[in-house]
Amino acid sequence: MSTYKVTVYTGREAIADTMNSIYLTLMDSEKQSSERTLVNHLSSTFEKEFSLDIQVKKKIGNIVQVKLKKEKHLVNYPWFCKHIKVQSPSGDCFEFPCYCWLVDENELMIREGTGTYRPTLFIIQFLMKHSFVHLFLCVHLARLPQDDTKSFQEQRKDELESRQKIFRWNEWRPGFPMSIDTTVDELPKEVQFDEEKDLDWYCNLVEVGVYLGLEKFVGLFESWKGIADFEKILEYLGTLGHKTAVLENVMQDWNKDYMFGYQFLNGCNPVMIRKCMQLPDKFPVTHEMVEGSLKRGHTLQEELQAGNIYIADYEILKDVPAASKRYLTAPICLLYKNDLNQIVPIAIQLSQTPGEMSPIFLPSDNEYDWMLAKMWVKSSDFNVHQLVTHLLKTHLVSEVFEIAMYRQLSSVHPVYKLLMPHVRFTIAINAEAREKLISKNGIFSKVGSISVDGMGTLMQNGMTLTYKSLCFPEEIKARGMEDVPKYYYRDDGMRIWEAINCFVFAVVKIYYDSDEKVQQDEEIQGFVKDVACFGMNNSDRAAGRDRTRECGCPSLWWWCFLKGSSGLLSARGFSADFPKSLESREQLVEYLTVVIFTASAQHAAVNFGQFDWYAWIPNSPSTMRKPPPQKKGQVDMKHIMQSLPDRDCSSTVLGTVWALSQIQENERFLGKYPDVYFTEQPVKEAINTFCHKLQEVTNIIKSRNEELTLAYCYLSPDKIPNSVAI
């Protein structure tokens with residue numbers, strides 16, 4: 001009789017055991033096996049691992065598979081298995097990575113991940129109430145589909161067909177990218193918040209609720225007449241946290257032109273500013289208007305040619321419907337790099353149409369005219385940031401990548417394993433956002449300037465985004481921002497992009513030894529095609545959408561052929577630029593770098609500064625309650641206060657941006673991968689190199705920030721979560 005020592009690792013939940021029965025069986029390559037052993041009676045409520053000895057009477061060979069079977073009793077409880085270790089009687093150790101939920105009556109076959117056999121995990125889910133079987137395939141030693149055996153290729157296809165029935169595309173609202181076709185309560189178990197994240201999320205909501213309750217009560221007894229009164233909503237901030245150093249600086253200098261300009265470089269929305277070499281006809285600024293602001297003694301034309309003039313144009317807001325009793329405009333702001341290398345505003349027009357009723361406001365105008373003009377720009381910037389820069393270009397794009405990943409990449413695929421840490425909780429947080437933040441009665445509808453219908457209009461305008469605009473170096477170059485000084489978002493972003501790009505290249509070359517390997521990889525080709533033809537194209541396609549709902553597995557080539565004309569898609573305002581295929585390793589590396597960078601660094605850059613820059617409401621009003629001024633000299637402080645958000649709206653904004661800026665206590669930061677999806681040593685070495693590079697970047701940023709009055713920390717790797725999870 002032989003004794004095998006088995007260790008089972010569970011997790012993901014504080015209570016990871018189950019009242020159902022979990023049985024384990026060891027199997028060799030000849031499918032000879034041990035008798036099945038009851039596992040979960042050995043575990044206690046909070047135990048993360050437990051060991052057992054399995055006695056095998058008959059002689060079996062090396063263990064190449066472990067079978068887990070779940071049998072439910074009166075109540076069905078899910079159970080999560082991280083991985084399993086088996087030590088043979090001879091002392092050899094075998095690893096069986098899993099990272100999978102057993103939800104219903106499941107049987108899992110987990111193939112070994114460290115020996116000569118490729119580890120395969122397949123789950124047979126018996127859904128009795130539906131009288132049919134779902135088959136999943138989950139392989140934990142990465143393998144390309146064309147390199148797999150015929151039988152495993154069939155299993156991969158079965159897995160993807162099953163997933164496509166669960167991860168269905170859905171058009172949540174016209175104008176938006178496609179999202180998952182389910183509600184928060186019905187999300188697949190593998191994409192739900194775990195208990196720790198769930199608790200953290202709802203505790204933050206409770207804290208915000210307590211703060212808002214106090215604010216509402218106190219607000220009944222206090223006046224609201226001047227700018228200084230906005231500090232009153234910060235009095236009970238102790239219920240949430242404390243003022244940050246950045247917020248303190250904002251409260252002190254928010255109305256100074258240098259602070260206004262600095263935020264275009266390093267604030268919440270550092271992607272609107274671009275170099276201006278020629279003024280657009282719709283913005284007729286003359287040299288005489290701005291002569292007093294040009295400190296080098298040159299003409300406006302000379303400064304344009306010298307590359308010292310920048311512009312922020314909010315044309316994307318043109319004709320976007322505003323919410324009831326709120327106002328929205330599409331301003332244009334001209335900025336100047338002065339002799340102190342500061343970016344400062346020198347002209348503002350509050351519409352896209354010049355004329356007598358749309359004057360160009362200047363720093364030389366009276367104090368209140370200029371103050372209000374800047375507020376209008378920042379209010380427009382707030383709305384574009386929240387719905388386009390933040391929601392669309394990080395949250396929703398990342399969800400598209402995640403859904404396509406689940407639908408088109410089998411779990412054995414190295415790209416699936418590479419991306420898993422970078423899609424953690426993204427579908428779940430977006431489902432929460434659709435219910436609580438951007439729904440008809442959501443928070444943004446209560447505090448923003450844009451109506452519910454207007455959100456769709458703005459999203460459709462934003463969907464002209466291109467794939468290349470998600471490539472960080474290309475995006476910086478396209479805006480002409482390569483050499484502007486003190487642009488820390490660019491400097492740190494380039495370092496992170498390079499580190500991710502090198503890491504992805506190191507992993508890709510392990511599995512793809514030629515460009516032909518990429519071209520022959522039908523799963524990768526299906527992944528990028530699903531993103532381009534479905535996820536990023538939500539034009540009216542009733543027939544295609546019906547087929548998606550019916551089987552979750554539409555014929556991608558048919559749809560791309562039918563709708564693939566870039567002219568057709570562009571005319572409708574949707575992105576036709578995302579690649580529908582990849583031809584080389586270089587293209588694959590860039591594509592995966594985009595996915596990881598967007599989910600980690602880009603989201604961190606535009607999310608975690610919200611409390612710093614938006615908590616002081618006059619700095620970035622979420623909405624305006626009076627229309628934009630059409631003449632100069634008619635504004636006073638009373639008019640400004642009547643234009644800014646009221647106390648109730650302001651406190652709601654403050655509580656919301658606080659919640660959205662929080663980092664989970666045990667957050668997984670960039671490059672930290674506690675779930676070991678890869679067992680291959682070359683990939684582990686690539687991960688270690690990646691971590692060392694990120695630490696170098698962290699040290700560089702820390703040293704630079706020590707010399708700055710206003711530190712820029714949002715892109716320090718030790719503060720960048722792996723995924724969009726808040």
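Residues numbered from 1 in each chain as written. Predicted model: local features only at pLDDT ≥ 70, side-chain atom pairs only at ≥ 80, totals over all residues. Heavy atoms only, no water.

## Considerations on the layout of surface pockets
Applicable threshold: A cavity here means a set of 1 Å grid points, computed over protein atoms only, where a 1.4 Å probe fits but cannot escape. A pocket is an open set with protein on both sides within 12 Å along at least 5 of 7 lines, and lining residues have an atom within 4 Å of a point. Grid points are joined across faces, edges and corners, and a volume is the space filled by probe spheres set on the points. What counts as a helix is a DSSP run of H or I of at least four residues, what counts as a strand is a run of E of at least two, and both are numbered from the N terminus. Three classes are used, and their members are as follows: Ala, Val, Leu, Ile, Met, Phe, Trp, Tyr, Cys and Pro are nonpolar, Asp, Glu, Lys and Arg are charged, and the others, Gly among them, are polar.
Reported here for the second largest pocket is a volume of approximately 830 Å³. Around the second largest pocket sit 30 residues that line it, and Val-271, Met-272, Arg-274, Lys-393 and Glu-475 are the ones nearest its centre. At the level of secondary structure, the elements contributing two or more residues to the lining of the second largest pocket comprise strand E14 (309-313), helix H7 (367-408), helix H11 (452-462), helix H12 (472-478) and helix H19 (585-607). Counted by class, the lining of the second largest pocket contains 13 nonpolar, eight polar and nine charged residues.

## What about the confidence of the model for the chain?
As a reminder, the rule being used: Confidence scores here are pLDDT values: one per residue, from the predictor, ranging 0 to 100. Contacts between residues were defined by any pair of non-hydrogen atoms, one from each residue, lying within 4.5 Å.
Put simply, the chain has an average pLDDT of 87, and 87% of its residues get 70 or more. Confidence over residues 114-140 falls short of pLDDT 50; this stretch has 102 contacts with residues more than four positions distant or in other chains. Note on residues 538-575: pLDDT is under 50 here. Beyond four places in sequence and across chains, it has 75 contacts.

## Thoughts on the packing of helix H2 (residues 195-219) against helix H9 (residues 426-436)
Selection rule: For every element, the axis is a line fit to its C-alpha atoms; helices are fit only across the contacting stretch, and the angle between N-to-C directions ranges from 0 to 180 degrees. When an angle is under 35 degrees it counts as roughly parallel; over 145 it counts as roughly antiparallel; between 65 and 115 it counts as roughly perpendicular; any other value is oblique. What makes a crossing left-handed is the near helix being turned counterclockwise from the far one by less than a right angle; a clockwise turn instead makes it right-handed.
Where H2 contacts H9, the axes come no closer than 13 Å and their chain directions differ by 30°. As far as their axial angle goes, H9 and H2 are roughly parallel. Where H2 crosses over H9, the handedness of that crossing is right-handed. Facing H2, whose interface residues are Trp-201, Tyr-202 and Leu-205, H9 presents Ile-429, Glu-432 and Lys-436.

## Points about the packing of aromatic side chains
One pair of aromatic rings is described through two measures. These are the centre distance and the angle between the planes. Keep this limit in mind: Here a pair means two rings of Phe, Tyr or Trp (six-membered ring of Trp) with centres within 6.5 Å. Their orientation is stacked below 30 degrees between planes, edge-to-face above 60, and tilted elsewhere. Throughout, exposure labels follow a simple rule: accessible area from a 1.4 Å probe, protein chains only, divided by the maximum for the residue type, with under 20% read as buried, over 50% as exposed, and the rest as partly exposed. When the NZ atom of lysine or the CZ atom of arginine is within 6 Å of a ring's centre and also within 35 degrees of its normal, the charge is said to sit over that ring.
Tallied over the entire structure, the rule returns 24 aromatic pairs. When the ring of Tyr-406 is compared with that of Tyr-416, the centres are 6.2 Å apart and the planes differ by 75°; the resulting orientation is edge-to-face. Remark: Tyr-416 occurs in helix H8 (residues 414-419) and Tyr-406 occurs in helix H7; sequence separation between them is ten residues. Pair check on accessibility: Tyr-406 and Tyr-416 agree, each one buried. One aromatic cluster is present, formed by Phe-401, Tyr-467, Phe-527, Phe-578 and Tyr-591 through successive ring pairs. Lying across the ring of Trp-101, Lys-189 places its NZ or CZ 4.5 Å from the centre. Positioned above the aromatic ring of Phe-193, the side-chain terminus of Lys-197 is 5.7 Å from the ring centre.

## Considering H7
Filter applied, for reference: The span expected for a helix works out to 1.5 Å for each residue beyond the first. Throughout, the bend at a residue refers to the angle made by two axes, fitted to the seven residues ending there and to the seven starting there. Two N or O atoms count as a polar contact when they lie within 3.5 Å, although within protein this holds only if one can serve as hydrogen donor and the other as acceptor, and sequence-adjacent residues are included solely when both atoms are side-chain atoms.
A rise of 1.5 Å per residue sets the reference length of H7, with its 42 residues, at 62 Å; its end C-alpha atoms lie 58 Å apart and thus fit the reference within 8%. By the largest-angle criterion, Leu-391 marks the main kink of H7, which is about 50°. The buried fraction of H7 is high, at 39 of 42 residues. Among the residues of H7, the N-terminal cap falls to Asn-366, whose side-chain oxygen and the backbone nitrogen of Tyr-368 are separated by 3.0 Å.

## Points about the pairing of strand E15 (residues 332-337)
The criterion, for reference: Any two strands with at least two DSSP-identified bridges between them are counted as paired.
When you tally the buried positions in E15, you get six out of six residues, the bulk of the element. Burial of E15 is two-sided: the residues Ile-332, Leu-334 and Tyr-336 facing one way and the residues Cys-333, Leu-335 and Lys-337 facing the other way are all buried. Where E14 lies against E15, five bridges are found, and the strand directions are antiparallel. Considered in E15, the bridge of Asp-313 is made with Ile-332. Across six bridges, E15 lies against strand E16 (residues 343-349) in antiparallel orientation. Its bridge partner lying in E16, Ile-332 is registered against Gln-349. Hairpin connection from E15 to E16: five residues lie between these consecutive antiparallel strands, with Asn-341 at a positive phi of about 60°.

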